[in-house]
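Architecture at a glance
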Amino acid sequence: MEQQFAALRAEYSAAGLSEADLTPEPVALFRRWFDEVGVLPEPNAMVLSTVGVDGRPSSRAVLLKGVDERGFVFFTNYDSRKGLELNDRPDCALLFPWHPLQRQVRVEGRAERVSLTESAAYFATRPRGAQLGAWASPQSQVVSAEELASSYADAEARFPDQVPVPGHWGGYVVLPDVVEFWQGRPNRMHDRWRYRRHGDGWVTERLAP
Ligand SMILES: Cc1cc2nc3c(=O)[nH]c(=O)nc-3n(C[C@H](O)[C@H](O)[C@H](O)COP(=O)(O)O)c2cc1C
């Protein structure tokens with residue numbers, strides 16, 4: 001192993017996560033941790049992993065735009081690599097890598113498209129440039145800079161006022177069935193609590209670090 005990486009070793013000493021801290025369901029604990037995120041840059045950035053029909057996994061960052069009793073919401077291009085993969089195989093995973101807090105949250109579940117109404121409501125809050133970008137960019141396709149620029153100019157000309165939601169763009173909600181909260185502890189004896197969906201409720205289990 002390269003010395004430079006091998007020597008990198010933070011000691012985790014923040015407060016632990018005990019059974020008494022657990023909420024009956026994981027979204028409430030996720031919200032509490034999110035409230036404690038503080039000054040982290042882009043705390044709502046999460047790593048989304050999907051799987052292709054060939055079984056090949058891939059990961060990318062997306063922004064969490066909502067969390068509620070259903071699960072975790074993000075928006076994207078439905079025809080992108082991730083969109084096409086989720087169409088074929090909705091199983092996916094999310095990771096919130098909150099390293100400065102010595103915390104991570106892992107989610108496993110299934111992605112479902114949100115309603116058109118919900119996508120349109122969020123799209124309307126985006127800046128005009130981002131709205132036009134959603135029309136102009138065939139996300140995940142091979143393109144030239146010229147094609148992209150001309151497709152953005154076309155979108156600008158086509159929608160001088162209001163920009164409607166493109167049919168290929170919208171939200172997903174990841175419905176969790178496993179959520180793990182990881183809190184760094186001294187001597188690598190970290191606290192890990194896993195919520196597993198069980199019937200209408202959740203079971204919680206401590207995992208070895
Ligand atoms: C911090 C961060 C946030 C991002 N948020 C989003 C997002 O909310 N939606 C999205 O489609 N892409 C987002 N991206 C871009 C994706 O990581 C990715 O490049 C893009 O969605 C294409 O992924 P795909 O080809 O695997 O479908 C974000 C990238 C970064 C670095």
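Below or above, wherever it landed, is the structure these notes cover. (Residues numbered from 1 in each chain as written. Predicted model: local features only at pLDDT ≥ 70, side-chain atom pairs only at ≥ 80, totals over all residues. Heavy atoms only, no water.)

1. So, the overall build of the protein
For clarity, the threshold we go by: Secondary structure elements follow DSSP: runs of H or I no shorter than four residues count as helices, runs of E no shorter than two count as strands, and numbering proceeds from the N terminus. Contacts: residue pairs with any heavy atoms within 4.5 Å of one another. The Shrake-Rupley method, run with a 1.4 Å probe sphere, supplies the accessible areas, and residue values consider only the shown protein chains as cover. We score Asp and Glu as negative and Lys and Arg as positive, and we do not count His or the chain ends. Charged side chains are reduced to one point each, which is NZ for Lys, CZ for Arg, CG for Asp and CD for Glu.
When you go through the protein residue by residue, the secondary structure sums to six helices and nine strands. Across the protein, every contact between residues at least 6 apart in sequence was considered, and the portion connecting residues at least 24 apart equals 63%. Looking at the protein as shown, the accessible area adds up to about 11,800 Å², and 52% of this sits on carbon and sulfur atoms. Charge separation in the protein, taken as the distance between the mean sites of 24 positive and 28 negative side-chain charges, equals 3 Å.

2. Observations concerning the site of the ligand
So the rule is basically this: Only heavy atoms are used to decide nearness, and a residue is near a molecule or strand if one of them lies within 4 Å of it. Between N or O atoms, a polar contact is any pair within 3.5 Å; within protein, one atom must be a potential hydrogen donor and the other a potential acceptor, and residues adjacent in sequence are included only when both atoms are from side chains.
Around the ligand, the structure places Glu42, Arg60, Ala61, Val62, Leu63, Phe75, Thr76, Ser80, Arg81, Lys82, Gln139 and Ser140. The side chain of Gln139 places a nitrogen or oxygen atom 3.1 Å from an oxygen atom of the ligand. A distance of 2.6 Å separates an oxygen atom of the ligand from a polar atom in the side chain of Ser140. Relative to its unbound accessible area of 620 Å², the ligand is 63% covered by the protein chains.

3. Observations concerning the packing of aromatic side chains
In plain terms, the rule: The rule is short: rings of Phe, Tyr and Trp, with Trp giving its six-membered ring, pair when the centres are within 6.5 Å, and they are stacked under 30 degrees, edge-to-face over 60, tilted in between. We call a residue buried when its accessible area falls under 20% of the maximum for its residue type, exposed when it is over 50%, and partly exposed in between, using a 1.4 Å probe and counting protein chains only. Remark: a charge is flagged as sitting over a ring if the NZ atom of Lys or the CZ atom of Arg is within 6 Å of the ring centre and within 35 degrees of the ring normal.
Enumeration over the complete set of coordinates arrives at 17 aromatic pairs. Seen from their ring centres, Phe75 and Tyr122 are 4.3 Å apart, and the 25° between their planes marks the pair as stacked. Here the residue Phe75 occupies a position in strand E4 (residues 72-77), and Tyr122 occupies one in helix H4 (residues 116-125), the gap between them amounting to 47 residues. Judged by its relative accessible area of 14%, Phe75 is buried. With a centroid separation of 6.2 Å and an interplanar angle of 15°, the aromatic rings of Tyr122 and Trp169 are classed as stacked. One end of the pair, Tyr122, is in helix H4; the other, Trp169, is in strand E7 (residues 169-183), with 47 residues separating them in the sequence. Among the aromatic side chains, those forming a connected cluster through ring pairs are Phe30, Phe34, Phe72, Phe96 and Trp98. We note Arg103 situated over the ring of Trp33; from NZ or CZ to the ring centre the distance is 4.0 Å. The ring of Tyr78 carries Arg113 above its face, with NZ or CZ at 3.8 Å from the centroid.

Geometric descriptors of this kind do not, in isolation, establish any biological role.
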